[in-house]
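Breakdown of the fold
Below, each chain spelled out in residue letters.
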Amino acid sequence: MPPAIETLALTRRFGDRLAVDGVSMTVPARSIYGFLGRNGAGKTTTIKLLLGLLKADAGQARIVGIDVATDRLRAARKVGALLEAQGFYPHLSGRENLGLTCRLLDLPASEVDRVLDVTEMTAHGRRRVSDYSLGMRQRLGLARAMLGAPPVLVLDEPSNGLDPEGIADMRRFLRELPARTGATVLLSSHLLDEIERTATHIGSLSHGRLVLEGALDELKAGLATEVAIGTDAPERAAAVAREHGFDVIRADGAQADGGPAGAALVARFGPHEDARHATAALNRVLCTAGLRIHALAPRQRSLETLYRQSAPATALS
Ligand SMILES: Nc1ncnc2c1ncn2[C@@H]1O[C@H](COP(=O)(O)OP(=O)(O)OP(=O)(O)O)[C@@H](O)[C@H]1O
């Protein structure tokens, strides 16, 4: 089975600006691929290249093995998209809006029932889109992207503007999608936490370059285990720990004792080190030196850590 999406040194300039700079990304079939990057990193341009809405200056893009540049229409039939501007006719019902797209794509009318059912929108199909909540419009956008059952879905910020309940709903829906329909989802979002809870794989762009890619579990497993140290004498604790060969840093985040967020003293163990043994050894060293240690708290390995490490110069946006 070819990857759902594959690019090879994909490049696109606007004037002097390299918006997409030699990106080689692989989205495995049936994955949920979180596509990350701050504003202007090149996500939308990449998506437009994948959809054949823009031409690449160099490199290739393939959707389920079909070259987007040389076989544009066949590739386009394999991908459904939910982009920011939904472009529905507000005075028409959801069902009528979908019917129009169905005719444009030369698909059987039964597709409307199918996608309304998949997106749990059947009950609202006959209501006018102007009466829909934002969450329902996003669902309808998903339904439209799924017309013709394309194997690949590209969703740009599907949770944008939704309330917490709507976001949770969207998350549940997306997580179930590959198993229910066999589809692969490329999910572009600024919400790291949402991506972490939804995606199986991630790819991160920074200044047009792919700086991080892989299965989320594997990437997280490769991160060092970190333990926050709660002590009254952080400077001395750091010095003692370092003397004994521990890698100790000052890091942002919650204090080990649950106190106010700020610079915490954090020990980092290698990804293959036994964290329990290492923590016990660290504790022994600090206590033997007469330091008062009131907490040793393991920190979660998070997508945020990965993201910051891969693009350290860029702030979250
Ligand atoms: N049509 C265009 N003409 C000129 N420059 C453009 C054009 N489209 C994008 N760019 C530039 O290319 C770079 C990448 O933009 P792009 O929209 O792909 O980023 P993005 O990651 O999608 O950001 P956002 O999260 O804000 O949508 C930016 O510097 C942007 O200003």
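Presented here is a report on the structure given in the accompanying data block. (Residues numbered from 1 in each chain as written. Predicted model: local features only at pLDDT ≥ 70, side-chain atom pairs only at ≥ 80, totals over all residues. Heavy atoms only, no water.)

The next thing to look at is the overall build of the protein. When you go through the protein residue by residue, the secondary structure sums to 11 helices and 15 strands. Taken along the three principal axes of its C-alpha coordinates, the protein extends 80 × 45 × 35 Å. Relative to its full complement of 317 residues, the protein shows a buried share of 46%. Within the protein, contacts between residues at least 6 apart in sequence are counted, and of these 68% link residues at least 24 apart. As displayed, the protein has an accessible area near 15,800 Å², and 50% of this comes from carbon and sulfur atoms. Looking at charge distribution, the protein has the averaged site of its 39 positive side-chain charges lying 3 Å from that of its 36 negative ones. (Helix = DSSP H or I, 4+ residues; strand = E, 2+ residues; numbered from the N terminus. Buried < 20%, exposed > 50% of the residue type's maximum accessible area, 1.4 Å probe, protein only. Contact = heavy atoms within 4.5 Å. Areas by Shrake-Rupley, 256 points an atom, 1.4 Å probe, with all protein chains shown as cover. Lys, Arg positive; Asp, Glu negative; His and termini not counted. Charge placed at Lys NZ, Arg CZ, Asp CG, Glu CD.)

Moving on, we get to the sheet that holds strand β11 (residues 209-215). The strand order across the open sheet formed by six strands is β7-β8-β9-β4-β10-β11, and the pairing between neighbours is mixed. Each edge of the sheet is formed by a strand with only one pairing partner; in this case those strands are β7 (79-82) and β11. Across the sheet, the axes of successive neighbouring strands diverge by a mean angle of 15°, strand direction being ignored. By the bridge criterion, four bridges tie strand β4 (residues 32-36) to strand β10 (residues 201-206) in an arrangement that is parallel. Across the sheet, residue L36 finds its bridge partner in β10, namely S204. Of the strands in this sheet, β7 and β8 (152-156) touch helix α5 (residues 134-145), which is tilted by about 165° from β7. (Pairing = 2+ DSSP bridges. Axes fitted to C-alpha atoms, helices over the stretch in contact; angles between N-to-C directions.)

This part takes up the environment of D247. Note on placement: D247 falls in strand β13 (residues 247-253). Among the residues examined, D247 registers a relative accessible area of 37% and is labelled partly exposed.

So, about the packing of helix α3 (residues 94-104) against α5. In contact at an axis separation of 10 Å, α3 and α5 are set at 25° when each is read in the N-to-C sense. With respect to their mutual orientation, α3 and α5 come out roughly parallel. In the crossing of α3 with α5, the sense of the turn from one axis to the other is right-handed. Along its contact with α3, which presents G94, L98 and T101, the element α5 presents L140, A143 and R144. Across the contact of α3 with α5, the residue classes tally to three nonpolar, two polar and one charged. (Parallel < 35°, antiparallel > 145°, perpendicular 65-115°, else oblique. Left-handed = near helix turned anticlockwise from the far one by under 90°. Nonpolar A, V, L, I, M, F, W, Y, C, P; charged D, E, K, R; others polar.)

By size, the foremost hydrophobic cluster in this structure holds 42 residues, and its most contacted members are L98, L155, L177, I202 and L303. If we ignore the near neighbours within four places in the chain, the residues touching L177 are V118, M146, L153, G182, A183 and V185. Ranked by size, the runner-up nonpolar core spans 24 residues in total, among them V20, A41, L49 and V68. (Core = buried A, V, L, I, M, F, W, Y, C linked by side-chain atoms within 4.5 Å.)

This part covers the site of the ligand. Taken together, F14, R17, A19, R38, N39, G40, A41, G42, K43, T44, T45 and H190 make up all the residues around the ligand. At a separation of 2.8 Å, an oxygen atom of the ligand approaches a polar backbone atom of K43. Burial of the ligand by the protein amounts to 62% of the accessible area it has alone, namely 630 Å². Going through the elements one at a time, β2 (17-23) and α1 (43-50) are the ones with two or more residues in the shell around the ligand. (Near = heavy atom within 4 Å. Polar contact = N/O pair within 3.5 Å; in protein donor to acceptor, adjacent residues only side chain to side chain.)

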